[in-house]
Amino acid sequence: MTARIRLANVGYAYDGQPALFRGLDADLSSGQSWALTGPSGSGKSTLLGLVAGWDVPSWGAVDATGVRKTAWIFQNPHGQPHRTAIDHVIYPLAAAGLSRNAASEEAERILDMFHLADVAPRSFSSLSGGEAQRLMLARAVATKADLLLVDEPTAQLDRAAANVVNEVLGNLAARGAIVIIATHDAQTMSACENRLDLEQVRNRVSSPSE
Ligand SMILES: Nc1ncnc2c1ncn2[C@@H]1O[C@H](COP(=O)(O)OP(=O)(O)OP(=O)(O)O)[C@@H](O)[C@H]1O
């Protein structure tokens, strides 16, 4: 089923605060990658929360249809420190019903996509920040998420690792997910087909009819 998320005239203000953004309209569907841009504090993480359904907009509506699994990849990766990297990818596959052998094979293939084959047997706690973050992306692939919300995926990566991540995120969208990436990185922006720029809608003045 095609997943679709419609943002209709969406605005948000934290309690007692002025609006962060208003009048945001967008139509996102399976197979698309979106760069979510805007200066620090413009509300990118807040908007990811609205898209995930964790919070409701102060104005307008977020309408999601056909989204079964959402994966959220945060800036600071959290894993199980003593488990191996590959176990992080095997578990969601096994939980979905694959045998241990089939899950292991599939996990190796996914780790390879993210250039993580070499660190597969290592404990999560021994991974570098960039490796740990790519592992979280690999785990999101294993969960077969159809909506991926990714916060600053390349912030702590060197250029080569960032390029790998940008390429893989593009591939995930090509395989049918909606991928939304909050980013300040120009190369990540250009790797995405679509862009939602919060700078454009920041503090938009409400119309008298609202
Ligand atoms: N629970 C909250 N209550 C009040 N204000 C908040 C809350 N959460 C975030 N804010 C404020 O809302 C604004 C937007 O925050 P948000 O994290 O969405 O921005 P961002 O664009 O993701 O920023 P960055 O690029 O720095 O990660 C910031 O000024 C932040 O301090």
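Scroll up a little and you will see the structure.
First, a word on what this report is: a plain description of the structure on this page. (Residues numbered from 1 in each chain as written. Predicted model: local features only at pLDDT ≥ 70, side-chain atom pairs only at ≥ 80, totals over all residues. Heavy atoms only, no water.)

Some words on the overall build of the protein
Point 1. The secondary structure content of the protein amounts to 7 helices and 8 strands.
Point 2. Taking 210 residues into account, the globule formula puts the C-alpha radius of gyration at 17 Å, and the protein, at 18 Å, falls close to it.
Point 3. Viewed in the frame of its principal axes, the protein has a C-alpha envelope of about 60 × 35 × 30 Å.
Point 4. The buried share of the protein, reckoned over its 210 residues, is 49%.
Point 5. The protein carries 18 positive and 22 negative side-chain charges, and their two centres are separated by 3 Å. (Helix = DSSP H or I, 4+ residues; strand = E, 2+ residues; numbered from the N terminus. Rg over C-alpha atoms; globule rule 2.2 N^0.38 Å. Buried < 20%, exposed > 50% of the residue type's maximum accessible area, 1.4 Å probe, protein only. Lys, Arg positive; Asp, Glu negative; His and termini not counted. Charge placed at Lys NZ, Arg CZ, Asp CG, Glu CD.)

Focus: the sheet that holds strand β5 (residues 70–73)
Point 1. Spatial ordering of the open sheet is given by β5-β6-β7-β3-β8, a layout of 5 strands whose pairing is parallel. This sheet does not close on itself; its edge strands, each paired only once, are β5 and β8 (194–197). Ignoring strand direction, the axes of neighbouring strands in this sheet form an average angle of 15°.
Point 2. The pairing of β5 with strand β6 (residues 147–151) spans 4 bridges and is classified as parallel. Bridge pairing in β6 links A71 to L148.
Point 3. Packing against the sheet, helix α1 (residues 44–52) makes contact with β3 (33–37), β5, β6, β7 (178–182) and β8, and its axis sits at approximately 165° to β6. (Pairing = 2+ DSSP bridges. Axes fitted to C-alpha atoms, helices over the stretch in contact; angles between N-to-C directions. Contact = heavy atoms within 4.5 Å.)

Remarks on the packing of helix α2 (residues 85–95) against helix α3 (residues 100–113)
Point 1. Running from amino to carboxyl end, α2 crosses α3 at an angle of 130°, the nearest separation of the two axes being 8 Å. Taken together, α2 and α3 sit at an angle that is classed as oblique. Of the two possible hands of crossing, α2 and α3 adopt the one that is right-handed. Between α2 and α3, the contacting residues are I86, D87, V89, I90, Y91, L93 and A94 on the first element and R100, A103, S104, E106, A107, E108, I110 and L111 on the second. (Parallel < 35°, antiparallel > 145°, perpendicular 65-115°, else oblique. Left-handed = near helix turned anticlockwise from the far one by under 90°.)

Remarks on the pattern of salt bridges
Point 1. Overall, the coordinates contain 7 salt bridges when judged by the stated rule.
Point 2. R109 is paired through a salt bridge with E106; the nearest N and O atoms lie 2.9 Å apart. A residue pair is termed a helical-turn pair when its members lie 3 or 4 positions apart in one helix, as R109 and E106 do in helix α3 at 3 residues.
Point 3. With its nearest N and O atoms 3.7 Å apart, the salt bridge here joins R122 to E131.
Point 4. Each of the salt bridges in this network shares a partner with another, and the network as a whole consists of R4, R6 and D27. (Salt bridge = Lys/Arg side-chain N within 4 Å of Asp/Glu carboxyl O.)

Some points on unusual backbone geometry
Point 1. In the Ramachandran plot, N9 falls in the positive-phi region, its phi being about 55° despite a non-glycine side chain.
Point 2. Along the polypeptide, N9 turns up in strand β1 (residues 4–12).
Point 3. One non-glycine residue with positive phi stands out, namely H115, at about 55°.

Examining the environment of G60
Point 1. Inspection of the secondary structure assignment puts G60 in strand β4 (residues 59–65).
Point 2. Sequence spacing of G60 and P92 is 32 residues, and the spatial spacing of their C-alpha atoms is 35 Å.
Point 3. Residues contacting G60, with those up to four places away along its chain left out, are A8, N9 and V10.

Description of α1
Point 1. Along α1, 7 of the 9 residues are buried, which leaves the element largely enclosed by surrounding structure.
Point 2. For α1, the set of buried residues is K44, T46, L47, L48, G49, L50 and V51.
Point 3. Of the residues one or two after α1, G53 is the one with positive phi, at around 85°.

Considering the packing of aromatic side chains
Point 1. Here the structure, examined in full by the defined rule, presents 2 aromatic pairs.
Point 2. Ring geometry for Y12 versus Y14: centroids 4.9 Å apart, planes at 80°, classification edge-to-face.
Point 3. Since its relative accessible area comes to 41%, Y14 is described here as partly exposed.
Point 4. Centre to centre, the rings of W54 and W72 are 4.5 Å apart; their planes meet at 20°, and the pair counts as stacked. Remark: W72 occurs in strand β5 and W54 occurs in the loop between α1 and β4; sequence separation between them is 18 residues.
Point 5. Given the relative accessible area of 17%, W72 is considered buried.
Point 6. Its guanidinium or amino end placed over the ring of W59, R22 lies 3.7 Å from that ring's centre, counting from NZ or CZ. (Phe/Tyr/Trp six-rings, centres within 6.5 Å; stacked < 30°, edge-to-face > 60°. Lys NZ or Arg CZ within 6 Å of the ring centre and 35° of its normal.)

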